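Breakdown of the fold
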Amino acid sequence: MNDYYIEQIYKMNAGKNKKARINTFGCQMNAHDSEKLCAMLIAMAYEITESNDADLVLFNTCCVRENPEDKLFGNLGYFKNKKENNPDLKIILCGCMMQQNHIIEKIRHSYKFVDVVFGTFNFHKFPQLLFNNMITNSQIIDIWNEPKDYQETFSPQRKYFFKASVNVIYGCNNFCTYCIVPYVRGRERSRKSQDILDEIKFLVDDGVKEIMLLGQNVNSYGLDCGDNFPSLLRKINEIKNLERIRFMTSHPKDLSDDLIFAMRDCEKVCHHLHLPVQSGSNRILKLMNRKYTREKYFELIEKLRANIPDISLTTDIIVGFPNESEDDFANTIDLVKQVEFDGAFTFIYSKREGTPAARMLNQIPAEIIKTRFANLLEILNSIIAEKNKKYFGQTQKILVEEYDNGKLTGRNDKNVLVHFYGEKNLIGKFVDVKINDCKPFYLIGEKLGG
Ligand code: 5AD
Ligand code: SF4
(Lines give C-alpha, C1' and ligand atoms only; values in the text may rest on other atoms or scores of the structure.)
(Ligands and ions follow the chains in the order given, each with its own letter.)
Protein backbone atom coordinates (compact mmCIF):
# COMPACT_ATOMS: atom_id res chain seq x y z
CA MET A 1 0.00 0.00 0.00
CA ASN A 2 2.85 2.32 0.89
CA ASP A 3 4.26 1.77 -2.58
CA TYR A 4 1.16 3.36 -4.13
CA TYR A 5 1.53 6.60 -2.14
CA ILE A 6 5.28 6.68 -2.62
CA GLU A 7 4.78 6.41 -6.37
CA GLN A 8 2.10 9.15 -6.41
CA ILE A 9 4.33 11.57 -4.51
CA TYR A 10 7.31 10.58 -6.64
CA LYS A 11 5.31 11.56 -9.72
CA MET A 12 4.30 14.91 -8.17
CA ASN A 13 7.89 15.68 -7.17
CA ALA A 14 9.80 14.28 -10.14
CA GLY A 15 11.99 16.83 -11.90
CA LYS A 16 11.23 19.54 -9.32
CA ASN A 17 14.50 19.24 -7.44
CA LYS A 18 12.73 18.90 -4.08
CA LYS A 19 14.84 18.87 -0.92
CA ALA A 20 14.07 17.47 2.53
CA ARG A 21 15.75 18.06 5.86
CA ILE A 22 15.48 15.55 8.71
CA ASN A 23 16.05 16.69 12.30
CA THR A 24 16.40 13.84 14.75
CA PHE A 25 16.29 14.19 18.52
CA GLY A 26 16.94 11.59 21.19
CA CYS A 27 18.20 8.05 21.23
CA GLN A 28 19.55 5.55 18.70
CA MET A 29 16.06 4.10 18.22
CA ASN A 30 14.92 7.47 16.92
CA ALA A 31 18.02 7.79 14.77
CA HIS A 32 17.22 4.40 13.27
CA ASP A 33 13.57 5.35 12.65
CA SER A 34 14.89 8.45 10.88
CA GLU A 35 16.97 6.23 8.61
CA LYS A 36 13.73 4.52 7.58
CA LEU A 37 11.92 7.84 7.05
CA CYS A 38 14.92 9.02 5.05
CA ALA A 39 14.62 5.98 2.75
CA MET A 40 10.93 6.83 2.20
CA LEU A 41 11.74 10.46 1.39
CA ILE A 42 14.37 9.43 -1.15
CA ALA A 43 11.86 7.03 -2.73
CA MET A 44 9.44 10.00 -3.00
CA ALA A 45 12.02 12.00 -5.03
CA TYR A 46 13.36 14.19 -2.23
CA GLU A 47 17.05 14.92 -2.06
CA ILE A 48 18.23 14.96 1.56
CA THR A 49 19.83 18.24 2.66
CA GLU A 50 21.44 19.68 5.78
CA SER A 51 20.19 23.12 4.86
CA ASN A 52 17.14 24.87 6.33
CA ASP A 53 16.21 25.97 2.81
CA ALA A 54 14.30 22.77 2.19
CA ASP A 55 10.89 21.98 0.69
CA LEU A 56 10.11 19.58 3.52
CA VAL A 57 11.35 19.66 7.12
CA LEU A 58 10.79 16.66 9.34
CA PHE A 59 11.30 16.59 13.12
CA ASN A 60 11.61 13.16 14.69
CA THR A 61 11.07 14.12 18.31
CA CYS A 62 12.04 12.83 21.74
CA CYS A 63 10.35 13.43 25.11
CA VAL A 64 12.62 11.57 27.50
CA ARG A 65 13.87 14.86 28.94
CA GLU A 66 12.53 18.42 28.78
CA ASN A 67 15.23 19.97 26.69
CA PRO A 68 14.30 18.49 23.29
CA GLU A 69 10.71 19.74 23.75
CA ASP A 70 11.83 23.34 24.26
CA LYS A 71 14.13 22.96 21.28
CA LEU A 72 11.35 21.68 19.03
CA PHE A 73 8.94 24.51 19.74
CA GLY A 74 11.75 27.01 19.30
CA ASN A 75 12.55 25.50 15.91
CA LEU A 76 8.91 25.52 14.84
CA GLY A 77 8.76 29.29 15.35
CA TYR A 78 11.64 29.65 12.93
CA PHE A 79 10.00 27.46 10.29
CA LYS A 80 6.67 29.25 10.70
CA ASN A 81 8.38 32.39 9.38
CA LYS A 82 9.89 30.42 6.51
CA LYS A 83 6.50 29.03 5.61
CA GLU A 84 5.05 32.53 5.39
CA ASN A 85 7.52 33.21 2.55
CA ASN A 86 7.16 29.75 1.04
CA PRO A 87 3.65 28.29 1.51
CA ASP A 88 4.72 25.07 -0.25
CA LEU A 89 7.10 24.21 2.59
CA LYS A 90 5.95 21.01 4.31
CA ILE A 91 6.48 20.71 8.07
CA ILE A 92 6.27 17.19 9.50
CA LEU A 93 6.37 16.13 13.16
CA CYS A 94 6.71 12.58 14.41
CA GLY A 95 8.29 10.44 17.14
CA CYS A 96 7.82 9.98 20.88
CA MET A 97 6.70 13.49 21.79
CA MET A 98 3.72 13.14 19.45
CA GLN A 99 2.34 10.27 21.57
CA GLN A 100 1.50 12.78 24.32
CA ASN A 101 -2.00 14.28 24.28
CA HIS A 102 -0.97 17.68 25.61
CA ILE A 103 1.53 18.07 22.77
CA ILE A 104 -1.06 17.17 20.13
CA GLU A 105 -3.52 19.67 21.63
CA LYS A 106 -0.82 22.35 21.56
CA ILE A 107 -0.11 21.63 17.87
CA ARG A 108 -3.81 21.56 16.94
CA HIS A 109 -4.42 24.97 18.54
CA SER A 110 -1.18 26.92 18.23
CA TYR A 111 0.78 25.30 15.40
CA LYS A 112 -1.82 25.07 12.64
CA PHE A 113 0.88 25.59 10.03
CA VAL A 114 2.32 22.12 10.74
CA ASP A 115 1.31 19.83 7.85
CA VAL A 116 1.59 16.24 9.05
CA VAL A 117 1.83 14.71 12.53
CA PHE A 118 2.23 11.02 13.33
CA GLY A 119 3.56 8.95 16.23
CA THR A 120 5.79 6.00 17.03
CA PHE A 121 3.31 3.25 16.10
CA ASN A 122 2.42 4.42 12.59
CA PHE A 123 5.53 6.03 11.15
CA HIS A 124 5.41 3.52 8.28
CA LYS A 125 2.23 5.37 7.17
CA PHE A 126 4.21 8.54 6.51
CA PRO A 127 3.86 8.45 2.67
CA GLN A 128 0.09 8.01 2.91
CA LEU A 129 -0.29 10.85 5.43
CA LEU A 130 1.90 13.17 3.37
CA PHE A 131 -0.12 12.30 0.27
CA ASN A 132 -3.38 13.14 2.09
CA ASN A 133 -1.93 16.48 3.12
CA MET A 134 -0.77 17.25 -0.41
CA ILE A 135 -4.21 16.45 -1.83
CA THR A 136 -6.33 18.21 0.81
CA ASN A 137 -3.85 20.90 1.81
CA SER A 138 -5.00 20.55 5.39
CA GLN A 139 -3.30 19.54 8.62
CA ILE A 140 -3.18 15.74 8.99
CA ILE A 141 -2.78 14.38 12.51
CA ASP A 142 -2.78 10.60 12.96
CA ILE A 143 -1.70 9.13 16.30
CA TRP A 144 -2.18 5.48 17.26
CA ASN A 145 -2.21 4.30 20.86
CA GLU A 146 -0.78 0.89 20.12
CA PRO A 147 1.07 -0.94 17.36
CA LYS A 148 -1.18 -2.54 14.74
CA ASP A 149 0.07 -3.70 11.39
CA TYR A 150 3.71 -2.68 11.50
CA GLN A 151 6.16 -4.75 9.50
CA GLU A 152 9.75 -4.02 8.62
CA THR A 153 9.43 -3.90 4.87
CA PHE A 154 11.86 -1.28 3.66
CA SER A 155 15.61 -0.85 3.95
CA PRO A 156 16.72 2.10 6.07
CA GLN A 157 19.01 4.67 4.49
CA ARG A 158 22.25 4.08 6.38
CA LYS A 159 24.64 6.87 7.31
CA TYR A 160 27.61 4.49 6.93
CA PHE A 161 27.69 1.69 4.36
CA PHE A 162 29.72 -0.52 6.72
CA LYS A 163 27.65 -0.35 9.89
CA ALA A 164 23.94 -0.58 10.63
CA SER A 165 21.40 -0.66 13.41
CA VAL A 166 18.86 -3.45 13.68
CA ASN A 167 15.80 -3.40 15.95
CA VAL A 168 15.39 -6.54 18.00
CA ILE A 169 12.70 -5.46 20.48
CA TYR A 170 10.33 -2.50 20.57
CA GLY A 171 8.78 -0.89 23.64
CA CYS A 172 9.42 -1.32 27.35
CA ASN A 173 7.56 -3.01 30.23
CA ASN A 174 9.68 -1.70 33.05
CA PHE A 175 7.95 1.52 34.06
CA CYS A 176 10.86 3.11 35.85
CA THR A 177 8.99 5.84 37.71
CA TYR A 178 10.80 8.77 36.01
CA CYS A 179 10.53 7.47 32.46
CA ILE A 180 8.03 8.34 29.75
CA VAL A 181 9.21 5.66 27.29
CA PRO A 182 6.74 2.89 28.25
CA TYR A 183 3.88 5.35 27.65
CA VAL A 184 5.04 6.49 24.22
CA ARG A 185 6.61 3.31 22.82
CA GLY A 186 4.17 0.75 24.24
CA ARG A 187 4.73 -2.74 25.62
CA GLU A 188 7.64 -4.99 24.67
CA ARG A 189 7.37 -6.64 21.25
CA SER A 190 10.23 -8.86 20.14
CA ARG A 191 10.88 -9.42 16.46
CA LYS A 192 11.11 -12.99 15.28
CA SER A 193 14.71 -14.17 15.44
CA GLN A 194 14.53 -15.42 11.85
CA ASP A 195 13.49 -11.94 10.64
CA ILE A 196 16.40 -10.40 12.54
CA LEU A 197 18.87 -12.93 11.15
CA ASP A 198 17.56 -12.44 7.60
CA GLU A 199 17.88 -8.66 7.93
CA ILE A 200 21.45 -8.93 9.20
CA LYS A 201 22.44 -11.36 6.43
CA PHE A 202 20.97 -8.95 3.89
CA LEU A 203 22.94 -6.08 5.44
CA VAL A 204 26.18 -8.07 5.48
CA ASP A 205 25.71 -8.90 1.79
CA ASP A 206 25.29 -5.15 1.31
CA GLY A 207 28.70 -4.40 2.87
CA VAL A 208 27.88 -4.09 6.58
CA LYS A 209 30.62 -5.25 8.98
CA GLU A 210 29.29 -4.01 12.29
CA ILE A 211 25.76 -4.11 13.62
CA MET A 212 24.14 -2.47 16.61
CA LEU A 213 21.18 -4.42 18.00
CA LEU A 214 18.64 -1.98 19.36
CA GLY A 215 16.04 -2.22 22.07
CA GLN A 216 14.94 -0.17 25.07
CA ASN A 217 15.85 -3.27 27.04
CA VAL A 218 17.49 -5.91 24.85
CA ASN A 219 17.85 -8.30 27.81
CA SER A 220 14.13 -8.99 27.79
CA TYR A 221 14.28 -9.94 24.12
CA GLY A 222 12.17 -13.02 23.45
CA LEU A 223 10.33 -13.16 26.79
CA ASP A 224 7.11 -12.52 24.84
CA CYS A 225 7.75 -15.31 22.31
CA GLY A 226 9.70 -18.08 24.01
CA ASP A 227 13.12 -16.89 22.85
CA ASN A 228 16.02 -15.16 24.63
CA PHE A 229 18.76 -12.65 23.91
CA PRO A 230 21.85 -14.81 24.60
CA SER A 231 20.64 -17.41 22.11
CA LEU A 232 19.93 -14.66 19.54
CA LEU A 233 23.48 -13.35 20.03
CA ARG A 234 24.94 -16.82 19.50
CA LYS A 235 22.99 -17.20 16.23
CA ILE A 236 24.03 -13.76 14.98
CA ASN A 237 27.64 -14.57 15.84
CA GLU A 238 27.49 -17.38 13.25
CA ILE A 239 26.72 -15.03 10.36
CA LYS A 240 29.55 -15.21 7.86
CA ASN A 241 31.43 -11.98 7.03
CA LEU A 242 29.83 -10.08 9.91
CA GLU A 243 32.68 -8.82 12.08
CA ARG A 244 31.34 -6.87 15.05
CA ILE A 245 28.17 -7.08 17.11
CA ARG A 246 27.10 -4.39 19.55
CA PHE A 247 23.87 -4.02 21.48
CA MET A 248 22.08 -1.54 23.71
CA THR A 249 20.47 -0.94 26.17
CA SER A 250 20.70 -3.54 28.95
CA HIS A 251 18.75 -3.40 32.19
CA PRO A 252 20.70 -4.69 35.21
CA LYS A 253 17.67 -6.56 36.53
CA ASP A 254 17.65 -8.91 33.50
CA LEU A 255 21.38 -9.30 32.89
CA SER A 256 21.63 -13.08 33.03
CA ASP A 257 24.70 -15.29 33.44
CA ASP A 258 23.83 -16.70 30.03
CA LEU A 259 24.23 -13.28 28.47
CA ILE A 260 27.62 -12.82 30.14
CA PHE A 261 28.69 -16.25 28.85
CA ALA A 262 27.41 -15.45 25.35
CA MET A 263 29.40 -12.20 25.37
CA ARG A 264 32.46 -14.12 26.51
CA ASP A 265 32.06 -16.94 23.97
CA CYS A 266 31.00 -15.04 20.85
CA GLU A 267 34.16 -13.58 19.30
CA LYS A 268 32.21 -11.02 17.25
CA VAL A 269 30.41 -9.52 20.25
CA CYS A 270 32.25 -6.38 21.36
CA HIS A 271 33.54 -6.30 24.91
CA HIS A 272 31.49 -3.26 25.77
CA LEU A 273 28.36 -3.13 27.88
CA HIS A 274 26.12 -0.14 28.50
CA LEU A 275 24.50 -0.89 31.83
CA PRO A 276 22.54 2.08 33.21
CA VAL A 277 22.72 2.18 37.00
CA GLN A 278 20.77 5.48 37.40
CA SER A 279 21.60 5.84 41.11
CA GLY A 280 23.91 4.34 43.74
CA SER A 281 21.36 4.59 46.53
CA ASN A 282 19.09 1.65 47.33
CA ARG A 283 16.40 4.02 48.60
CA ILE A 284 16.37 5.94 45.30
CA LEU A 285 16.62 2.77 43.19
CA LYS A 286 13.49 1.55 44.95
CA LEU A 287 11.67 4.84 44.35
CA MET A 288 12.77 4.59 40.71
CA ASN A 289 11.30 1.06 40.49
CA ARG A 290 14.58 -0.27 39.11
CA LYS A 291 14.21 -3.68 40.81
CA TYR A 292 17.87 -4.12 41.81
CA THR A 293 20.10 -2.92 44.62
CA ARG A 294 23.59 -1.42 44.53
CA GLU A 295 24.87 -4.71 45.94
CA LYS A 296 23.30 -6.60 43.01
CA TYR A 297 24.86 -4.11 40.61
CA PHE A 298 28.32 -4.61 42.16
CA GLU A 299 27.82 -8.36 41.90
CA LEU A 300 27.04 -8.05 38.18
CA ILE A 301 30.10 -5.88 37.57
CA GLU A 302 32.28 -8.42 39.37
CA LYS A 303 30.83 -11.29 37.36
CA LEU A 304 31.28 -9.39 34.09
CA ARG A 305 34.90 -8.57 34.85
CA ALA A 306 35.66 -12.10 36.02
CA ASN A 307 34.39 -13.57 32.75
CA ILE A 308 35.43 -10.78 30.37
CA PRO A 309 38.49 -9.10 31.94
CA ASP A 310 38.87 -6.38 29.28
CA ILE A 311 35.18 -5.40 29.26
CA SER A 312 34.41 -1.71 28.96
CA LEU A 313 31.48 -0.60 31.11
CA THR A 314 29.42 2.51 30.53
CA THR A 315 26.33 3.75 32.31
CA ASP A 316 23.54 6.32 32.66
CA ILE A 317 23.07 8.29 35.88
CA ILE A 318 20.21 10.58 36.89
CA VAL A 319 20.95 13.35 39.38
CA GLY A 320 18.24 14.98 41.47
CA PHE A 321 15.52 12.34 41.41
CA PRO A 322 12.75 13.35 43.90
CA ASN A 323 13.79 12.72 47.51
CA GLU A 324 17.49 12.34 46.65
CA SER A 325 19.31 13.38 49.84
CA GLU A 326 22.98 14.27 50.25
CA ASP A 327 23.48 10.74 51.59
CA ASP A 328 21.80 9.20 48.54
CA PHE A 329 23.96 11.28 46.24
CA ALA A 330 27.09 10.32 48.23
CA ASN A 331 26.13 6.69 47.57
CA THR A 332 26.05 7.40 43.82
CA ILE A 333 29.50 9.01 44.01
CA ASP A 334 30.76 6.05 45.99
CA LEU A 335 29.39 3.57 43.43
CA VAL A 336 30.93 5.52 40.56
CA LYS A 337 34.32 5.45 42.30
CA GLN A 338 34.10 1.74 43.07
CA VAL A 339 32.97 0.64 39.61
CA GLU A 340 35.32 2.95 37.68
CA PHE A 341 33.16 3.28 34.58
CA ASP A 342 34.79 3.69 31.19
CA GLY A 343 32.12 6.17 30.15
CA ALA A 344 28.85 7.66 31.39
CA PHE A 345 25.89 9.72 30.32
CA THR A 346 24.72 11.92 33.16
CA PHE A 347 21.28 13.49 33.25
CA ILE A 348 19.56 16.04 35.41
CA TYR A 349 16.22 14.59 36.50
CA SER A 350 13.45 15.94 34.33
CA LYS A 351 9.85 15.80 35.51
CA ARG A 352 7.77 13.99 32.89
CA GLU A 353 4.03 14.62 33.02
CA GLY A 354 2.11 11.38 33.59
CA THR A 355 4.93 9.45 35.28
CA PRO A 356 4.72 8.44 38.97
CA ALA A 357 7.89 10.40 39.85
CA ALA A 358 6.30 13.63 38.63
CA ARG A 359 3.70 13.26 41.38
CA MET A 360 6.26 12.54 44.13
CA LEU A 361 6.68 15.06 46.92
CA ASN A 362 10.10 16.50 47.65
CA GLN A 363 11.25 17.42 44.17
CA ILE A 364 14.84 18.65 44.46
CA PRO A 365 15.59 22.38 43.91
CA ALA A 366 17.50 23.16 40.70
CA GLU A 367 20.40 24.80 42.53
CA ILE A 368 21.11 21.69 44.59
CA ILE A 369 20.90 19.48 41.51
CA LYS A 370 23.30 21.73 39.64
CA THR A 371 25.94 21.46 42.36
CA ARG A 372 25.56 17.68 42.58
CA PHE A 373 25.68 17.33 38.81
CA ALA A 374 28.91 19.34 38.54
CA ASN A 375 30.42 17.33 41.36
CA LEU A 376 29.52 14.00 39.72
CA LEU A 377 30.79 15.11 36.33
CA GLU A 378 34.15 16.15 37.73
CA ILE A 379 34.65 12.81 39.45
CA LEU A 380 33.46 10.81 36.43
CA ASN A 381 35.64 12.75 34.03
CA SER A 382 38.77 12.13 36.02
CA ILE A 383 37.97 8.38 36.31
CA ILE A 384 37.25 8.10 32.58
CA ALA A 385 40.41 10.01 31.62
CA GLU A 386 42.46 7.76 33.90
CA LYS A 387 40.91 4.58 32.46
CA ASN A 388 41.57 5.74 28.91
CA LYS A 389 45.31 5.76 29.69
CA LYS A 390 45.38 1.95 29.62
CA TYR A 391 45.37 2.07 25.81
CA PHE A 392 48.82 3.73 25.69
CA GLY A 393 51.20 1.64 23.61
CA GLN A 394 48.50 -0.89 22.71
CA THR A 395 47.59 -1.89 19.17
CA GLN A 396 43.88 -1.50 18.59
CA LYS A 397 41.73 -2.80 15.73
CA ILE A 398 39.86 0.23 14.41
CA LEU A 399 36.88 0.31 12.07
CA VAL A 400 37.44 3.54 10.11
CA GLU A 401 34.41 5.86 9.92
CA GLU A 402 35.43 9.29 8.67
CA TYR A 403 38.13 11.06 6.68
CA ASP A 404 38.97 14.74 7.00
CA ASN A 405 42.01 16.37 5.46
CA GLY A 406 44.40 13.42 5.81
CA LYS A 407 43.02 12.38 9.19
CA LEU A 408 40.96 9.27 9.84
CA THR A 409 38.58 8.63 12.71
CA GLY A 410 37.28 5.27 13.80
CA ARG A 411 36.35 3.20 16.82
CA ASN A 412 37.84 0.24 18.66
CA ASP A 413 35.62 -2.59 19.89
CA LYS A 414 35.07 -0.67 23.15
CA ASN A 415 33.52 2.15 21.08
CA VAL A 416 36.34 4.59 21.93
CA LEU A 417 37.10 7.15 19.20
CA VAL A 418 40.59 6.95 17.70
CA HIS A 419 42.22 9.53 15.38
CA PHE A 420 45.18 8.77 13.11
CA TYR A 421 46.63 9.71 9.73
CA GLY A 422 45.67 7.69 6.67
CA GLU A 423 44.03 7.51 3.28
CA LYS A 424 40.36 8.05 2.55
CA ASN A 425 40.02 4.62 0.94
CA LEU A 426 40.34 3.05 4.41
CA ILE A 427 36.82 4.17 5.33
CA GLY A 428 34.81 1.05 6.16
CA LYS A 429 37.92 -1.08 6.69
CA PHE A 430 39.58 -2.46 9.81
CA VAL A 431 43.02 -1.03 10.49
CA ASP A 432 45.57 -1.83 13.22
CA VAL A 433 46.50 1.36 15.04
CA LYS A 434 49.19 1.80 17.70
CA ILE A 435 47.97 4.22 20.37
CA ASN A 436 50.52 6.86 21.33
CA ASP A 437 48.41 9.52 23.04
CA CYS A 438 45.42 9.07 25.35
CA LYS A 439 43.16 12.08 25.72
CA PRO A 440 40.31 11.99 28.26
CA PHE A 441 37.63 11.08 25.69
CA TYR A 442 39.54 9.87 22.62
CA LEU A 443 42.82 8.35 21.53
CA ILE A 444 45.46 9.31 18.99
CA GLY A 445 47.49 6.68 17.18
CA GLU A 446 49.54 5.61 14.25
CA LYS A 447 48.47 3.18 11.53
CA LEU A 448 50.56 0.02 11.45
CA GLY A 449 51.62 -1.81 8.31
CA GLY A 450 52.63 1.10 6.08
N1 5AD B 1 14.95 12.60 33.58
C2 5AD B 1 16.29 12.46 33.40
N3 5AD B 1 16.84 11.43 32.76
C4 5AD B 1 16.01 10.50 32.25
N5 5AD B 1 16.27 9.37 31.57
C6 5AD B 1 15.10 8.77 31.27
N7 5AD B 1 14.08 9.50 31.76
C8 5AD B 1 14.62 10.58 32.39
C9 5AD B 1 14.09 11.67 33.10
N10 5AD B 1 12.78 11.83 33.28
C11 5AD B 1 17.62 8.90 31.27
C12 5AD B 1 17.92 7.56 31.94
C13 5AD B 1 17.92 6.60 30.78
C14 5AD B 1 18.40 7.48 29.65
C15 5AD B 1 18.10 6.98 28.30
O16 5AD B 1 17.73 8.70 29.86
O17 5AD B 1 19.21 7.64 32.51
O18 5AD B 1 18.76 5.49 30.99
FE1 SF4 C 1 12.67 3.96 30.56
FE2 SF4 C 1 13.32 2.20 32.48
FE3 SF4 C 1 12.22 1.34 30.15
FE4 SF4 C 1 14.73 2.30 30.17
S5 SF4 C 1 14.01 0.45 31.27
S6 SF4 C 1 13.10 2.80 28.70
S7 SF4 C 1 14.61 3.91 31.74
S8 SF4 C 1 11.23 2.62 31.71
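Residues numbered from 1 in each chain as written. Chains lettered and ligands numbered in written order. Predicted model: local features only at pLDDT ≥ 70, side-chain atom pairs only at ≥ 80, totals over all residues. Heavy atoms only, no water.

Glancing now at the pairing of strand 7 (residues 163-167). For strand 7, the tally of buried residues reaches five of five residues, placing the bulk of the element in the interior. Of the two faces of strand 7, the one carrying Lys 163, Ser 165 and Asn 167 and the one carrying Ala 164 and Val 166 are both buried. The pairing of strand 7 with strand 10 (residues 210-214) spans five bridges and is parallel. Note that in strand 10 the partner of Val 166 across the bridge is Leu 213. (Buried < 20%, exposed > 50% of the residue type's maximum accessible area, 1.4 Å probe, protein only. Helix = DSSP H or I, 4+ residues; strand = E, 2+ residues; numbered from the N terminus. Pairing = 2+ DSSP bridges.)

Attention now goes to the site of ligand 1. Ligand 1 sits among Val 64, Arg 65, Tyr 178, Gln 278, Asp 316, Ile 318, Phe 347, Ile 348, Tyr 349, Ser 350 and Arg 352. Within the contact set of ligand 1, an oxygen atom lies 2.8 Å away from a side-chain nitrogen or oxygen of Arg 65. In the model, an oxygen atom of ligand 1 is placed 2.7 Å from a nitrogen or oxygen of the Asp 316 side chain. Its free accessible area being 400 Å², ligand 1 has 85% of it covered by the protein chains. Of all elements in the fold, only strand 13 (312-319) and strand 14 (343-348) reach the threshold of two or more residues within the shell around ligand 1. Grouping the constituent residues of the shell around ligand 1 by class yields six nonpolar, two polar and three charged. (Near = heavy atom within 4 Å. Polar contact = N/O pair within 3.5 Å; in protein donor to acceptor, adjacent residues only side chain to side chain. Areas by Shrake-Rupley, 256 points an atom, 1.4 Å probe, with all protein chains shown as cover. Nonpolar A, V, L, I, M, F, W, Y, C, P; charged D, E, K, R; others polar.)

The next thing to look at is the packing of helix 9 (residues 257-265) against helix 11 (residues 294-307). Pairs of packed helices are described in terms of their axes, by the angle between the two and the distance that separates them. Running from N to C, helix 9 and helix 11 point in directions that differ by 25 degrees, and their axes come no closer than 10 Å. When the axes of helix 9 and helix 11 are compared, the pair comes out roughly parallel. Crossing geometry of helix 9 relative to helix 11 is assigned as right-handed. Across the interface between the two elements, Asp 257, Ile 260, Phe 261 and Arg 264 from helix 9 touch Lys 303, Leu 304 and Asn 307 from helix 11. Of the residues belonging to the contact of helix 9 with helix 11, the class tally is three nonpolar, one polar and three charged. (Axes fitted to C-alpha atoms, helices over the stretch in contact; angles between N-to-C directions. Parallel < 35°, antiparallel > 145°, perpendicular 65-115°, else oblique. Left-handed = near helix turned anticlockwise from the far one by under 90°. Contact = heavy atoms within 4.5 Å.)

As summarised here, the arrangement of the three strands in space is 7-10-11, forming an open sheet in which the pairing is parallel. Among the strands making up the open sheet, the edge pair consists of strand 7 and strand 11 (244-248). Shown here is a sheet whose adjacent strand axes are inclined to one another by a mean of 20 degrees, direction ignored. Across the sheet, helix 7 (residues 193-205) is in contact with strand 7 and strand 10; its angle to strand 7 comes to roughly 165 degrees. Packed onto the sheet, helix 8 (residues 229-237) meets strand 10 and strand 11 and runs at close to 155 degrees relative to strand 11.

Before going further, it helps to examine the domain arrangement of the protein. Domain boundaries assigned for the protein yield domain 1 (2-142), domain 2 (163-389) and domain 3 (392-447). The C-alpha-based centres of domain 1 and domain 2 are spaced at 30 Å. Every contact between the two is made by 18 residues of domain 1 and, on the other side, 20 residues of domain 2. Roughly 1700 Å² is buried in total at the junction of domain 1 and domain 2, and carbon and sulfur atoms are behind 54% of that figure. On the domain 1 side of the interface with domain 2, the three residues burying the most area are Gln 28, Met 29 and Arg 65, jointly 35% of the side's total. (Domains from an automatic or database assignment. Buried area = accessible area lost by both parts, 1.4 Å probe.)

According to the stated counting rule, one finds 17 aromatic pairs in the structure shown. Each ring, one from Phe 161 and one from Phe 162, has its centre 5.1 Å from the other, and the planes form 90 degrees; the classification is edge-to-face. Phe 161 sits in the partly exposed class, given a relative accessible area of 46%. Chaining the aromatic ring pairs together yields one cluster made of Phe 25, Phe 59, Tyr 78 and Phe 79. In this structure, Lys 106 is placed above the aromatic ring of Phe 73, and the distance from its NZ or CZ to the ring centre is 4.0 Å. Of note, Lys 397 hangs over the ring of Phe 430, and the distance from its end group to the ring centre comes to 4.6 Å. (Phe/Tyr/Trp six-rings, centres within 6.5 Å; stacked < 30°, edge-to-face > 60°. Lys NZ or Arg CZ within 6 Å of the ring centre and 35° of its normal.)

One open sheet accounts for three strands, arranged 12-13-14; its pairing is parallel. Two strands bound the open sheet, and with one partner strand each, they are strand 12 (272-274) and strand 14. Taking the axes of each pair of neighbouring strands and ignoring which way they run, one obtains an average angle of 10 degrees across the sheet. By the bridge criterion, six bridges tie strand 13 to strand 14 in an arrangement that is parallel. Bridge assignment links Thr 315 to a residue of strand 14, and that residue is Ala 344. Each of strand 13 and strand 14 is contacted by helix 13 (residues 366-388), which is oriented at about 175 degrees to strand 14, the strand it contacts most.

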